[in-house]
Amino acid sequence: MSTQTPTPKGFALVLIVAGVVLAFTASLAALISGHRSLMAAAAVGFALQLAGWVAHGRRHGGAA
């Protein structure tokens, strides 16, 4: 028997997707342009992803 892995929904999913898009875009822009300050925007994207996964974990009682 296999158990279904719960997928993020709602606000947690929005945070995760927004974080992925921001982190990828800012990292790529920093690589192409050479502006290291864009990595700060990438760090914000990674933080958004983390916040989304934490919110998802709380919703499922920590068993995400």
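Right above here is the structure, for reference.
Residues numbered from 1 in each chain as written. Predicted model: local features only at pLDDT ≥ 70, side-chain atom pairs only at ≥ 80, totals over all residues. Heavy atoms only, no water.

*Asks:* So what exactly am I meant to see when it comes to the overall build of the protein here?
*Replies:* Each helix and strand counted, the protein has two helices and zero strands in total. Within the span of the protein, comprising 64 residues, buried residues form 22% of the whole. Sequence separation of 24 or more characterises 56% of the internal contacts of the protein that already satisfy a separation of 6 or more. Surface accessibility of the protein: about 4700 Å² in total, with carbon and sulfur atoms responsible for 70%. (Helix = DSSP H or I, 4+ residues; strand = E, 2+ residues; numbered from the N terminus. Buried < 20%, exposed > 50% of the residue type's maximum accessible area, 1.4 Å probe, protein only. Contact = heavy atoms within 4.5 Å. Areas by Shrake-Rupley, 256 points an atom, 1.4 Å probe, with all protein chains shown as cover.)

*Asks:* Hey, could you run me through the environment of Gly 52 in this one?
*Replies:* Looking at the secondary structure, you find Gly 52 in helix 2 (residues 38-59). Among the residues examined, Gly 52 registers a relative accessible area of 0% and is labelled buried. If near-sequence neighbours (up to four positions away) are discounted, Gly 52 is found in contact with Ala 12, Leu 15 and Ile 16.

*Asks:* Got a minute to help me understand a nonpolar patch on the surface in this structure?
*Replies:* Taken together, the side chains of Phe 24, Leu 28, Leu 31 and Ile 32 present a nonpolar region at the surface, about 490 Å² in accessible area. Take Ile 32: its relative accessible area is 69%, and that puts it in the exposed class. (Patch = residues over 30% accessible without salt bridge, like charges linked within 9 Å, V, L, I, M, F, W, Y side chains within 5 Å. Salt bridge = Lys/Arg side-chain N within 4 Å of Asp/Glu carboxyl O.)

*Asks:* Would you mind going over helix 1 (residues 11-33) with me for this structure?
*Replies:* In an α-helix there are 3.6 residues to a turn, and that puts residues three or four apart on one side. Counted at 1.5 Å a residue, the expected span for helix 1 with its 23 residues is 33 Å, and the 32 Å between its end C-alpha atoms agrees. Of all the positions in helix 1, only Ala 12, Leu 15, Ile 16, Gly 19, Ala 23, Ala 26 and Ala 30 are classed as buried. Buried residues belonging to helix 1 abut helix 2. In the stretch just after helix 1, Gly 34 is the one whose phi turns positive, near 80°. (Expected span 1.5 Å × (residues − 1).)

*Asks:* Would you mind going over the environment of Phe 24 with me for this structure?
*Replies:* Looking at the secondary structure, you find Phe 24 in helix 1. The class for Phe 24 is exposed, based on a relative accessible area of 58%.

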